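Take a look at the letters that make up each chain.
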Amino acid sequence: MTIAAGIDIGTSTIKTTLFNVENGKETWLSRYVMRIRQRDPMELARVAFDAVLEDAKLRPEDVHYVATTGEGESVPFHTGHFYSMTTHARGAIYLDPASRAALDIGALHGRAISIDQRGKVLSYKMTSQCASGSGQFLENIARYLGIAQEEIGVLSRQADNPEVVSSICAVLAETDVINMVSRGITAPNILKGIHLSMAARLSKLLKSIGVVDGVVMVTGGLALDHGLVAALEEDISHIKDMKTAVRSHPDSIYAGAIGAALWGAFRYDKLAALGNVPKAA
Amino acid sequence: MTTTKIVTSKAVAKEAIKDASMVKQKEMMATHYNRLTSAAETGDKVAATFVPGNLNELIMCFDFLNNLPEVNAIQNGLRRVSGSYVLEAEKLGHSEDVCTYVKSDIGMMAKGNIAPNGKKFPNPDVLLLSYTGCFTFMKWFELLREQYKCETIMLHTPYMGDGKITKNMIDYMMKQLKEEVIPTLERVSGVKFDIDRLREYLKKSSKAEDDLVRVLQCAKAKPSPIDAYFGGIYYIGPIFGAFRGTDDAIDYYRFLREEVEDRLAKGQGPVTPDGDMGEEKYRLVVEGPPNYTSFRQFWKMFYDEGAVVVASSYTKVGGVYDFGFRHDPAKPLETLAEYCLGVYTNRSLPMRIDMLCNYIDEYQADGLLINSIKSCNSFSAGQLLMMREVEKRTGKPAAFVESDLVDPRYFSAANIKNRLESYFQMIEQKRAGASAAA
Amino acid sequence: MKTFVGIDLGSTTTKAVLLDEGCKVIGHGITNSRSNYATAARVASQEAKVDGQFTLFRRALTDANKLIDLDTFLGVLERAFRLEQFLEQLDDLEQTCLSQVRGERFAKVASGVNDALGEVFRRLREEAPALYAPGAKRKSDFFRDIAGSRYHTHAEEVARAAGLPYDLLLNVYDKSIIEVENRPPAGELSEKFRRALGRMLASEPSVKSAAADIQKMIEDALSVDLEETYLVGTGYGRVTLPFSKEHIRSEILCHGLGAHMMFPKTRTVLDIGGQDTKGIQVDENGIVANFQMNDRCAAGCGRYLGYIADEMNMGLHELGPLAMKSDRPARINSTCTVFAGAELRDRLSLGEKREDILAGLHRAIILRAISIISRSGGVTNEFTFTGGVAKNEAAVRELRKVIKENYGEVTINIDPDSIYTGALGAAEFARRAHLGQADGSEA
Amino acid sequence: MATSLNGSKTTDVIARAQALFDDLSFTTARHWKDAQPGRKVIGYMPIYVPREIIHAAGFLPLGIVGGGDQLEVIHGDAYYQSYICRIPRSTVELGVSGRLDFVDGMLFPSICDVIRNLSGMWKLMFPHVYSHYFDVPQNYRDDIGGNFYINELAELRHDLGELRGKPITDDELRHSITVYNENRRLVRDLYTFRAERPWQAPAAEVYLVVRAGLVLPVEEHTAMLRDYLAAARAEERPMRDNCRIVLTGAFCEQPPLSLIKSLELSGCYVVDDDLLLVTRWLTGDVATEGDPLRNLSLAFLHHSESTAAKYEPNQKEKGQHLVRAVKRTAAEGVIFAAPSFCDPALLERPMLQHVLKAAGIPYIAFKYAENSGQMQPIREQAGTFADSIKLWSGA
Ligand SMILES: Nc1ncnc2c1ncn2[C@@H]1O[C@H](COP(=O)(O)OP(=O)(O)O)[C@@H](O)[C@H]1O
Ligand SMILES: Nc1ncnc2c1ncn2[C@@H]1O[C@H](COP(=O)(O)OP(=O)(O)O)[C@@H](O)[C@H]1O
Ligand code: SF4
Ligand code: SF4
Ligand code: SF4
């Protein structure tokens, strides 16, 4: 029995999971997600860790490996850190063993990660800093349009004539959107337009790392945005030699934390086999 | 953000003003592309080489057809397909930051290497890298070699860093020509080198060069009968490309000279895609290559405002002839070396500044406009200093716009128009100020 | 009387300036930019008219100076007028909010939400007079900002008390404000003045004795028609301005001319607005000789400070003063607006002090601006700083430092009305265009 | 803490090297020049100049590799569009701000169009300084490229002799070659040591020590290298669970020190790199007998590093130097780090990647600028690379 915690510190949210791995069987014990909202992420990490422990009715000393990922390199109580592409890859395999790529879309970033059946990262590509396709940008626009987060996907799917955003800079893209509103473009068409241009950028990432078939698991917070997932499917269907199936999972937002916990358990077992048991600080 | 207006030029108007030179050039290009794309059937061998420092006369001595990747990139730009080629190359792992000529070429290869006539380009039998005036050429040919796995010849042209051609440079180049370039061309082509044949071609070159210079210098007149940048780009086509040293080129430049002299005699201005240009209001010298993806739209921003370009540096990238240099049959190899050394981008920055100041002076221009090209460090690095220096020396205003050769993503029409309009207004105001003072 | 209107439709704010025939500014108006450009332009120019009206009152009332303290009087009148305006928009907002409460999302909670809204608006109305009391500090002068921040505060409390999700009330507001602010302003200006005057005369005993005289003079001033003789518009995103081509001038030219009008010896102009930074060189006639501006990238512009303010949960005008407290600015190289928040968090987590980071951010903005200036030809005496960011004292401090270090002693001009520079230039272009039309030649 | 034979600790050496690195006014070089009348300082940019000739004239060769992340660039931006790399603008800034006012000459080597054009700009901006574009052959035959190069070297030798007022003799040159041979040997020893025990010679330390060679008189630098090597050998430091990588592409504009540190922090030991190539451009000793210029020329033609600024005449050889470096240092992967907008590095990259792919060597790539502040994406990529090598090693 190996109990491992995964703590994924993002730019906008902290996701935490607790797993028990026994003879290759992975049991998800508990989970917790919280928004950072201008608080100190290092303190919140503790809060989140306590929350998953309480949920699973465990004590800190019951946990064999505390793995951080995302911006958690300096969490004082971790045993080890894995980088987010490593953990999202593993998380994607956990959520759907058929995944051959993970597409991690979060508040400020997009990453395409090509993986093998064991969750090994084969290659990857990240959106450049300037890409306007990020969760934060979508969130700002939705606020501006007076649309609640859970409405985004629904509205986007009602679009009949989407209008594409051209600026690469998210700030200037906001102006683009305001220009659209001023030209009388409807909210569904604007949202769908944003979704489509994000999708185009993301599928270009996939293509450039050679992901052209198999299952692409969307992870990160934007996996919950069905409008974006639909736009991705649509965009990919237009690309001649791309035959990937895009999927998302209700637990996609936990992918990083899942991967961290599972790698943590893996690493613990490997080191334990070498008689080299690590200790969480 | 910017709504790009598509300028549809009236095909009718264009037909109406087709001159003999234009017809001739079209015909030459079509024949050339047909010969290239049927090289496989005819058994013709193909050499790929660059515009600056291209050794067309020498290539012809070995019966090679000359295929110029830069010219193909330009064609792709004008036909608006370069954008997708560039993207293709970026998907293949080429950086967004590097020269789009290269990426357009690589993308074109990846997408089947289709020539403007719709047929497939032949693979080159030899890559003749006359490495002149730009480092990118070197990497470009290494990339092509990786693809085609064919023989590659490097002709290294030293840079005129101190503003002069030294004996060491000439010796080095002649030695490369004699001991590397010519023997390899002989080997690949199976044709023995005949220096008299070379002399013959060089003689023809210099004849066409005389006419070209005459045409470009007609722009000293007021009004200028030509636009030496937008129009000039068409005029340099044959001599910078695959035709220098041919009878076709001699004919073309004779026709062209006659037409331009005729316009000069009649006091007419340049011909534009929308017919004759209106009143000449501003005379400009332009530094830097043009944008090809929105070439017409860019040009229109000039002629709509009465701005005519009277001299440009871009029309000197394939050879600087207006200060007296001609290909000289009397010293065939040395003349080729001098030619390569003297092309515009192989000149030091102080030399380039001198040239521009000289143009502003001799062509009585109102100022300097720099079109700075994102792709091209050879041209662009240092242009802001050049601008200030020219302004300082001539007292004429200068302006700076930015675009790219064949990447449509870097042509921001609204921005450029904004700048040009402000610039023309500035010239106007300066003039008003000057005449008030006089 | 003839007036010439210049409108600068900025990315953040829309500004209007009213000039008279003698090239004198009679009114300034500003509002937040919004998706309906025509409305933004209308609101700004109406604000400029209001301001113009006060100029006229001032002119008219100068004679009445013996009767009343002019400044106090106009101050009171203006506040009364602003309150009147605010309450009117608040009504509109309430109606709009109530009309949003329908459909499936609200099916179960509609009546609760309606009650909550009623309570929120009751509180808003109740505190409104205090917002416009003498000496009161408002977060901003725009309805969207004032109403928004107060709404958030009240809604959070009311929602908690009523057990409603706060997000729901927030969303109702977000949906409504966009409608409200894009509706063109309703009602006659002079009517609002009369109401404000009435409210004031009723409540200010000091002026009661002179009421009749004052009323007469104000009526005289109100009867002067501020005729919009010629209008010129400029601004960010010019392509879609709600004016026809001959009424549009490039923002660069407007800024150059405007700066020249404010400070005739100006040779270099720096304008930092919400999304653009411009470096402009002008000659002795205010003609633009050279310029540079950012395109494609909004790094280091005003919005950057906006993101930082949001991230720190502070008002824009509070950033400068906090940064001024630092004596060891952090070294910051990236001014990407989008990643501003991330950079801030990064540094806070490394233990750097807030004021030092802020000071560093201000310096970074200025360095970026100076690099644009230097690309346009450098700094030449005199130097004029315009745009919204010129209101930020920390940015001004860093600018002075950087210029001194690199260009020596240079006169640096900052007009309190510097945000109106573009609009001022536009108004002057309008005046010249009218003169040109009048005597048949190009101005 | 262990100490070297003469007692220095690594921390002492590093503190000195760091101080030299941080000094944007080149105080040490200024002191050197002021110490004796007639001394002159000749600046040079990447990628290679024969420092022996400068040294032979009794001058100090001063390597200038931009301004790093601490220099505020105010004027430099006025000379360059946004799509040109950082190093020329920070170099112009150093010049315009007077930080190079003690430099008597500048050499601009043949590396790319940007530095090539900068040579002309320097002539215009600083007309009283000797500035020279230093061309090198792209033809590697002794009788063609070799002769050309000997003549270029002779020109430089002549010019510097004029600057000194006395021609440079063959013996002076031979002596300088000996001095630099020794310096290069030590730099190579340091690299070899690091490849063997990277935890004992962290990349940032090696970088600082080698970089000191750009501003110090060569004799002092040789001593510094010796001290550091001895101290680093003697000092036991903990070995981390890191993978081993070769860093390539950073041969001109320098990555910020924090980037080099970030690589190791995120799990990658740097076991070879192409930073500051001038210090080991010539891969073996230059012959000291016979005609010194000819010897320098032969070394350049046949025993110098491969990099993007050179033409590779043989398609089969293209990129093999990188494969060899990986094998030699037992590296597990390659990190391509190129300055943004660096044509040579970025055009070369896909070709090198093809070679690595064929050789089965994993790699990643990213861009940087000398003033990059955000290390998060770098850590992320290097970290993922390290993770995947670590988790899957032997799998
Ligand atoms: N239900 C949802 N629908 C759409 N987007 C969501 C939803 N929940 C979260 N998001 C988006 O996900 C983003 C956070 O994603 P995440 O991967 O956690 O990012 P990070 O790791 O950088 O914090 C937020 O910007 C938010 O916009
Ligand atoms: N009171 C204030 N204090 C500090 N900064 C301000 C203030 N008002 C506006 N700003 C700054 O000015 C910017 C807007 O400038 P403005 O010139 O109005 O831009 P635009 O012309 O693009 O609309 C804001 O983003 C903000 O940073
Ligand atoms: S960099 Fe310039 S000269 Fe070189 S290939 Fe590209 S466009 Fe031509
Ligand atoms: S401000 Fe916009 S364009 Fe500029 S760096 Fe940031 S995201 Fe990119
Ligand atoms: S960084 Fe690259 S492009 Fe820039 S100067 Fe150096 S070699 Fe040239």
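Above this text you will find the structure in question.
Residues numbered from 1 in each chain as written. Chains lettered and ligands numbered in written order. Predicted model: local features only at pLDDT ≥ 70, side-chain atom pairs only at ≥ 80, totals over all residues. Heavy atoms only, no water.

Draft legend 1. Seen up close, the overall build of chain B. In terms of helices and strands, chain B carries 18 helices and ten strands. Taken over the C-alpha atoms alone, chain B extends approximately 70 × 45 × 40 Å along its principal axes. For chain B, the residues scored as buried account for 64% of the 438 residues in total. Summarising the internal contacts of chain B: among those between residues at least 6 apart in sequence, 78% fall at separations of at least 24. Approximately 14,900 Å² of chain B is accessible, and the part contributed by carbon and sulfur atoms is 51%. Here chain B contributes 56 positive and 58 negative side-chain charges, whose respective centroids are spaced 2 Å apart. (Helix = DSSP H or I, 4+ residues; strand = E, 2+ residues; numbered from the N terminus. Buried < 20%, exposed > 50% of the residue type's maximum accessible area, 1.4 Å probe, protein only. Contact = heavy atoms within 4.5 Å. Areas by Shrake-Rupley, 256 points an atom, 1.4 Å probe, with all protein chains shown as cover. Lys, Arg positive; Asp, Glu negative; His and termini not counted. Charge placed at Lys NZ, Arg CZ, Asp CG, Glu CD.)

Draft legend 2. Fine view of helix H11 (residues 292-302) of chain D. Residue and element names in this part refer to chain D. In terms of burial, H11 is largely enclosed, as eight of its eleven residues are buried. What H11 keeps buried is the set Pro292, Leu293, Asn295, Leu296, Ser297, Ala299, Phe300 and Leu301. Where the residues of H11 are buried, they touch helix H3 (51-56), helix H6 (142-164) and helix H7 (170-196). Its side-chain oxygen placed 3.0 Å from the backbone nitrogen of Leu293, Asp291 serves as the N-cap of H11. (Polar contact = N/O pair within 3.5 Å; in protein donor to acceptor, adjacent residues only side chain to side chain.)

Draft legend 3. Local environment of helix H1 (residues 41-56) of chain A. Residue and element names in this part refer to chain A. The first and last C-alpha atoms of H1 sit 22 Å apart over 16 residues, in line with the 22 Å expected at 1.5 Å per residue. Along H1, the positions that sit buried rather than exposed are Pro41, Leu44, Ala45, Ala48, Phe49, Val52 and Leu53. Residues of H1 that are buried make contact with strand S1 (2-9), strand S2 (13-22), strand S3 (25-35) and strand S4 (65-70). At the N-terminal end of H1, a side-chain oxygen is found 3.0 Å from the backbone nitrogen of Met42, two or three residues along, and the residue is Asp40. (Expected span 1.5 Å × (residues − 1).)

Draft legend 4. Up close: the sheet that holds strand S8 (residues 121-126) of chain A. Residue and element names in this part refer to chain A. Pairing in this open sheet of five strands is mixed, and the strands run S8-S7-S6-S9-S10 from one edge to the other. Since the sheet does not close on itself, it has two edges, and those belong to S8 and strand S10 (245-248), each with one partner. Across the sheet, the axes of successive neighbouring strands diverge by a mean angle of 20°, strand direction being ignored. Inspection of the sheet shows strand S9 (residues 215-219) paired to S10 by four bridges, in the parallel sense. In the sheet register, Met217 faces S10, and the bridge partner there is Arg247. (Pairing = 2+ DSSP bridges. Axes fitted to C-alpha atoms, helices over the stretch in contact; angles between N-to-C directions.)

Draft legend 5. Spatial organisation of the nonpolar core. The biggest cluster of nonpolar side chains holds 301 residues, and the ones touching the most others in it are B:Leu58, B:Tyr101, B:Phe302, D:Leu160 and D:Ile335. With nine residues, the single largest contributor to this core is helix H9 (residues 167-189) of chain B. In this structure, A:Leu155, A:Cys169, C:Ile272 and C:Cys336 belong to the second largest nonpolar core, which totals 93 residues. (Core = buried A, V, L, I, M, F, W, Y, C linked by side-chain atoms within 4.5 Å.)

Draft legend 6. Structural context of the side chain of A:His81. Residue and element names in this part refer to chain A. The residue His81 is located in strand S5 (residues 80-81) in this model. Within polar-contact distance, the side chain of His81 engages the side chain of Thr68 at 2.8 Å. For His81, the side chain forms a polar contact with the main-chain nitrogen of Glu73, separated by 3.5 Å.

Draft legend 7. Layout of the sheet that holds strand S6 (residues 268-273) of chain D. All names here are of chain D. With parallel pairing, four strands are arranged side by side in an open sheet as S6-S5-S7-S8. Of all strands in the sheet, those with a lone pairing partner are S6 and strand S8 (363-368), marking the two edges. On average, each strand axis in the sheet is tilted by 30° relative to the strand beside it, whichever way the strands run. Of the strands in this sheet, strand S5 (243-248), S6, strand S7 (333-339) and S8 are in contact with helix H14 (residues 376-392), which crosses S8 at around 170°.

Draft legend 8. Quick peek at the packing of helix H17 (residues 383-394) of chain B against helix H5 (residues 113-125) of chain D. Where H17(B) contacts H5(D), the axes come no closer than 11 Å and their chain directions differ by 35°. You can see that H17(B) and H5(D) cross each other, and the crossing is left-handed. In this structure, H17(B) uses B:Leu385, B:Glu389 and B:Arg393 to contact H5(D), whose residues at the interface are D:Met121, D:Leu124 and D:Met125. Of the residues assigned to the contact of H17(B) with H5(D), the class counts are four nonpolar, no polar and two charged. (Left-handed = near helix turned anticlockwise from the far one by under 90°. Nonpolar A, V, L, I, M, F, W, Y, C, P; charged D, E, K, R; others polar.)

Draft legend 9. Inspection of the site of ligand 3 at higher detail. Residues and elements named next belong to chain B. As a matter of local geometry, ligand 3 sits amid Cys99, Tyr101, Cys134, Thr136, Phe137, Trp140, Ser375, Cys376 and Leu405. The element that contributes the greatest number of residues to the shell around ligand 3 is helix H8 (residues 136-148), accounting for three residues. Residue composition of the shell around ligand 3, grouped by class: seven nonpolar, two polar and no charged. (Near = heavy atom within 4 Å.)

Draft legend 10. View of the pairing of strand S2 (residues 60-63) of chain D. Residues and elements named next belong to chain D. Along S2, one buried face is formed by Leu60 and Leu62 and the opposite face, lined by Pro61 and Gly63, is buried too. In this structure, strand S1 (residues 41-44) lies alongside S2, joined through four bridges in parallel fashion. Each residue of the ladder has a partner; that of Ile42, found in S2, is Pro61. Handedness of the crossover joining S1 and S2 through H3 is recorded here as right-handed. (Right-handed = clockwise from strand over helix to strand, strands pointing away.)

Draft legend 11. Structural detail: the site of ligand 4. The full set close to ligand 4 counts ten residues, and A:Cys130, A:Cys169, C:Cys297, C:Ala299 and C:Cys336 are the nearest of them. The environment of ligand 4 is shared, with nearby residues belonging to chains A and C. The residue makeup of the shell around ligand 4, split by class, is seven nonpolar, two polar and one charged.

Draft legend 12. Main features of the packing of helix H11 (residues 340-349) of chain C against helix H12 (residues 354-376) of chain C. Residue and element names in this part refer to chain C. At a minimum axis separation of 10 Å, H11 and H12 run at an interaxial angle of 140°. Relative to H12, the crossing made by H11 is right-handed. Here Leu344, Arg347 and Leu348 of H11 come into contact with H12, specifically with Arg354, Ile357 and Leu361. Across the contact of H11 with H12, the residue classes break down as four nonpolar, no polar and two charged.

Draft legend 13. Structural detail: the interface of chain A and chain B. Residue-level contacts link seven residues of chain A with four residues of chain B. When chain A packs against chain B, close to 500 Å² is buried across both sides, 52% of that on carbon and sulfur atoms. Broken down residue by residue, the surface that chain A buries against chain B is led by A:Lys204, A:Lys207 and A:Ser208, which jointly contribute 62%. Between the two partners, chain A and chain B, sit zero salt bridges. Our enumeration of links across chain A and chain B arrives at zero residue pairs in polar contact (both at pLDDT 80 or more). Contributing elements (two or more residues each) for the side of chain A that touches chain B: helix H5 (170-182) and helix H6 (187-208) of chain A. Each residue belonging to the side of chain A that touches chain B can be placed in one class, and the counts come to no nonpolar, four polar and three charged. (Buried area = accessible area lost by both parts, 1.4 Å probe. Salt bridge = Lys/Arg side-chain N within 4 Å of Asp/Glu carboxyl O.)

Draft legend 14. Seen up close, the side chain of B:Ser313. Residues and elements named next belong to chain B. For Ser313, the position within the fold is in the loop between strand S8 (307-312) and helix H14 (332-342). With a relative accessible area of 0%, Ser313 lands in the buried category. Aside from chain neighbours lying at most four places away, what touches Ser313 is Val286, Glu287, Gly288, Tyr344, Leu356 and Phe379.

Draft legend 15. Main features of the interface of chain B and chain D. Each partner contributes to the interface: chain B provides 54 residues, whereas chain D provides 57 residues. Here chain B and chain D share an interface that buries about 4,900 Å² over both sides, 56% of which is from carbon and sulfur atoms. For the pair chain B and chain D, the number of links is six salt bridges. Residues B:Lys139 and D:Glu348 are paired through a salt bridge, measuring 2.6 Å at the closest nitrogen-oxygen approach. Run the count over chain B and chain D and you get 32 residue pairs in polar contact (both at pLDDT 80 or more). When grouped by side-chain class, the residues that make up the side of chain B that touches chain D number 21 nonpolar, 18 polar and 15 charged.

Draft legend 16. Broad picture of the packing of aromatic side chains. Per the counting criterion, the structure on display carries 56 aromatic pairs over all chains. Seen from their ring centres, B:Phe62 and B:Phe193 are 5.8 Å apart, and the 20° between their planes marks the pair as stacked. Of this pair, B:Phe62 sits in the loop between helix H4 (56-61) and strand S2 (64-67) while B:Phe193 sits in the loop between H9 and helix H10 (195-217); the two residues are 131 residues apart in sequence, bridging distant segments of the chain. Aromatic pair B:Trp299 and B:Tyr303: ring centres 5.9 Å apart, planes at 80°, arrangement edge-to-face. With B:Trp299 and B:Tyr303 both in helix H13 (residues 295-303) and four residues apart, this pair spans about one turn of that helix. Accessibility expressed as a relative area gives 9% for B:Tyr303, which makes it buried. Directly above the aromatic system of A:Trp28 lies the positively charged group of A:Arg31, at a separation of 3.7 Å from the ring centroid. (Phe/Tyr/Trp six-rings, centres within 6.5 Å; stacked < 30°, edge-to-face > 60°. Lys NZ or Arg CZ within 6 Å of the ring centre and 35° of its normal.)

By themselves, these figures tell us nothing about what the structure is for.
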